[in-house]
Amino acid sequence: MLNSAPASLTIGPMEKLVVRGGPDFRLTGRVRVSGAKNAVLPAISACLLTAEEVRLDNVPLVKDVHTMLTLIEGLGGTCRLEGNTLTVRVADIRSDEASYELVRAMRASILVLGPLLARFGRAVVALPGGCAIGSRPVDLHIAGLQKLGASISLEHGNIQARAGRLRGGVIEFDKKTVTGTENLLMAAALAKGETVLKNCAREPEVTDLAALLNKMGARIEWVDEDTARVRGVKALGGAAHDIIPDRIETGTFLVAGALTAGDILLDEVVPAHAAAVIEKLRASGTSVEPEGERGLRVVGGPDVKPQDITTSPYPGFPTDMQAQFMVLLTQAPGTSILTETIFDRRFSHVNELVRLGAAIEVQGDKAVVKGKTPLSGAEVVATDLRASASLVLAGLIAAGETVISEIEHLDRGYERIENKLRGLGASIERITA
Ligand code: UD1
């Protein structure tokens, strides 16, 4: 049982980060990148598909993992987290419900819908409400599961889903959806017959989930870049799996190196997963070179060149790196335009960056950044996960003290980022307000 959360997962509600930075501050040294939050969450959900034990290694100790384990234990599973190794066993369930409280804390709770339905024939998952980065509907998850034979209704704010054994079918997603693809892969794995999923999201985390499912006995093959063929099996078994490195944490440290004209060696990364970010960094005047197979060295140049960037599904530039890259572009002399195509209202960091001295104007789905502007420390509020990372980065080069509140957003997806940054020479501390 996960009786109590490890210290690194216990996060007080009133904590703040204080960063003391300045324009001449440089980050130097070596940092190890953790396992991917967005890979481990579906991997934990996949444990619902089997009565046998699943072992996951390289698990990042972030708040969302803790939330997911609370959810699995609430359903009746047994979880043990020792260091970065997690074992999960769901012999049976005593509940089929993901409450609004949990779904509100972490939207990825929706990932239990497909597995619960496929193995137990029933699931109740609270409908995620609006959140800080746009409305984020789940209609494609629902329509896909209906195509596999589920009967789904919305009652009292919950998705109520029922099914006998799911049946294979052909599903073409109207839009690429990461967790939608993951839910359908998991559901189809136990369906009767063959399912073809078209227009799938192919983020590395989706590929990693399919690899885990295949180790558990699923029969998933990628027919082409975004089409999966899933031959359903009656039952899945236990497996052991290493979670892939977090490409967004990788990108965040790469930008940190570029921003501070630093020199950082990142360990335990998959460089190919960060290709779009590396390409933009190089174009902006930063050197990013592989060091061995799982290392990357970033050396920031003295000048940053403006860039136009449009977010898009993988392998395009990730929306989860938009806020962090925006900070770098505040230091580029000239105009840069960031176009956000994945989520509406994903510019909540702009107002906070402006408080630090940035010149950024939002025009619809575009943020127009005028550089180069010196930044100066101030009190700012973290509004969502990646927005908070951008504020930490800005604090590194802002003169004086930057105090970031509501950092529970940051802790959802970064494993004690302040410790890693301190290891690179930053002056950053967590205080209890
Ligand atoms: C996942 C990631 C998140 C990342 C996002 C986009 C996890 C746990 N989270 O979120 O970090 O920012 O991918 O890369 O992996 N959409 C619909 N209907 C649906 C589902 C999605 O219209 O049923 C839309 C969304 O509103 C959005 C787009 O599709 O505009 C992509 O969203 P999606 O890929 O589903 O994001 P998440 O899986 O929630």
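See the structure printed just above.
In this report, we go over the structure that sits alongside the text. (Residues numbered from 1 in each chain as written. Predicted model: local features only at pLDDT ≥ 70, side-chain atom pairs only at ≥ 80, totals over all residues. Heavy atoms only, no water.)

1. A few points about the overall build of the chain
Turning to step 1, where the next piece is worked out: When helices and strands are tallied, the chain shows 14 helices and 24 strands.
Turning to step 2, where the next piece is worked out: Scaling as 2.2 N^0.38, a compact globule of 433 residues should have a C-alpha radius of gyration of about 22 Å, and the chain matches this with 21 Å.
Turning to step 3, where the next piece is worked out: Its C-alpha atoms give the chain principal-axis dimensions of about 60 × 45 × 40 Å.
Turning to step 4, where the next piece is worked out: Put simply, the chain has 433 residues, and 58% of those count as buried.
Turning to step 5, where the next piece is worked out: By sequence separation, contacts in the chain at least 24 residues apart represent 74% of the contacts at least 6 residues apart.
Turning to step 6, where the next piece is worked out: Carbon and sulfur atoms make up 48% of the accessible area of the chain, which totals about 16400 Å². (Helix = DSSP H or I, 4+ residues; strand = E, 2+ residues; numbered from the N terminus. Rg over C-alpha atoms; globule rule 2.2 N^0.38 Å. Buried < 20%, exposed > 50% of the residue type's maximum accessible area, 1.4 Å probe, protein only. Contact = heavy atoms within 4.5 Å. Areas by Shrake-Rupley, 256 points an atom, 1.4 Å probe, with all protein chains shown as cover.)

2. Remarks on empty space enclosed by the protein
Turning to step 1, where the next piece is worked out: Applying the stated criterion to the full structure yields 1 cavity of 30 Å³ or more.
Turning to step 2, where the next piece is worked out: By volume, the largest cavity amounts to about 40 Å³.
Turning to step 3, where the next piece is worked out: Every residue along the wall of the largest cavity is listed here: S34, G35, P60, V62, D246, E249, G413, Y414 and E415.
Turning to step 4, where the next piece is worked out: Residue classes in the lining of the largest cavity are distributed as 3 nonpolar, 3 polar and 3 charged. (1 Å grid on protein atoms, 1.4 Å probe; cavity = no way out; pocket = protein on both sides within 12 Å on 5 of 7 lines; lining within 4 Å. Points joined across faces, edges and corners; volume = space filled by probe spheres on them. Nonpolar A, V, L, I, M, F, W, Y, C, P; charged D, E, K, R; others polar.)

3. Structural notes on the site of the ligand
Turning to step 1, where the next piece is worked out: In the vicinity of the ligand, 19 residues are found, and the nearest of them are L140, T177, T179, D320 and I342.
Turning to step 2, where the next piece is worked out: At a separation of 3.0 Å, an oxygen atom of the ligand approaches a polar side-chain atom of N38.
Turning to step 3, where the next piece is worked out: At a separation of 2.7 Å, an oxygen atom of the ligand approaches a polar side-chain atom of T177.
Turning to step 4, where the next piece is worked out: Protein chains bury 88% of the 740 Å² of accessible surface belonging to the ligand in isolation.
Turning to step 5, where the next piece is worked out: Among the secondary structure elements, those contributing two or more residues to the shell around the ligand are α5 (139-147) and α6 (178-189). (Near = heavy atom within 4 Å. Polar contact = N/O pair within 3.5 Å; in protein donor to acceptor, adjacent residues only side chain to side chain.)

4. Details of the packing of aromatic side chains
Turning to step 1, where the next piece is worked out: A full pass over the atoms with the stated rule returns 1 aromatic pair.
Turning to step 2, where the next piece is worked out: Geometrically, the ring pair formed by F317 and F325 is edge-to-face, given 5.4 Å between the ring centres and 85° between the ring planes.
Turning to step 3, where the next piece is worked out: What makes F325 buried here is its relative accessible area of 0%.
Turning to step 4, where the next piece is worked out: One residue, R202, lies across the ring of W222, its end atom 3.8 Å from the ring centre. (Phe/Tyr/Trp six-rings, centres within 6.5 Å; stacked < 30°, edge-to-face > 60°. Lys NZ or Arg CZ within 6 Å of the ring centre and 35° of its normal.)

5. Some words on the sheet that holds strand β18 (residues 308-310)
Turning to step 1, where the next piece is worked out: Read across the sheet, 4 strands follow the order β18-β19-β21-β20 without closing on themselves; strand pairing throughout is mixed. Both outer strands of the open sheet, β18 and β20 (359-363), are each paired with one neighbouring strand and no more. Ignoring strand direction, the axes of neighbouring strands in this sheet form an average angle of 15°.
Turning to step 2, where the next piece is worked out: With 5 bridges connecting them, β20 and strand β21 (residues 366-371) associate as antiparallel partners. Following the sheet pairing, Q363 is matched in β21 by K366. (Pairing = 2+ DSSP bridges. Axes fitted to C-alpha atoms, helices over the stretch in contact; angles between N-to-C directions.)

6. A word on the packing of α6 against helix α7 (residues 204-215)
Turning to step 1, where the next piece is worked out: α7 packs onto α6 with a crossing angle of 10° between their chain directions and a minimal axis gap of 10 Å. If you check the angle between α6 and α7, you find them roughly parallel. Two secondary-structure elements touch here, α6 through V178, T181, E182, L185 and M186 and α7 through E205, V206, L209, A210 and L213.
Turning to step 2, where the next piece is worked out: Each residue belonging to the contact of α6 with α7 can be placed in one class, and the counts come to 7 nonpolar, 1 polar and 2 charged. (Parallel < 35°, antiparallel > 145°, perpendicular 65-115°, else oblique.)

7. Looking at the pattern of salt bridges
Turning to step 1, where the next piece is worked out: What the rule picks out here adds up to 24 salt bridges.
Turning to step 2, where the next piece is worked out: Salt-bridge contacts for R20 lead to E401; the nearest nitrogen and oxygen are separated by 3.0 Å. Linking R20 in strand β1 (residues 15-21) with E401 in strand β23 (residues 400-405), this pair joins segments that are 381 residues apart in sequence.
Turning to step 3, where the next piece is worked out: R20 sits in the partly exposed class, given a relative accessible area of 39%.
Turning to step 4, where the next piece is worked out: One salt-bridge network, in which partners are shared between bridges, spans E15, D411, R416, E418 and R430. (Salt bridge = Lys/Arg side-chain N within 4 Å of Asp/Glu carboxyl O.)

8. Describing the sheet that holds strand β16 (residues 287-290)
Turning to step 1, where the next piece is worked out: Overall, mixed pairing links the 4 strands, which are arranged β2-β15-β17-β16 in an open sheet. Looking at the sheet topology across the chains shown, the edges are occupied by β2 (28-32) and β16. Going across the sheet, the axis of each strand differs from the next one's by a mean of 15°, ignoring polarity.
Turning to step 2, where the next piece is worked out: When β16 meets strand β17 (residues 295-299), the two strands line up antiparallel, connected through 4 bridges. Note that in β17 the partner of P290 across the bridge is L296.
Turning to step 3, where the next piece is worked out: Of the strands in this sheet, β16 and β17 are in contact with helix α9 (residues 275-283), which crosses β16 at around 135°.

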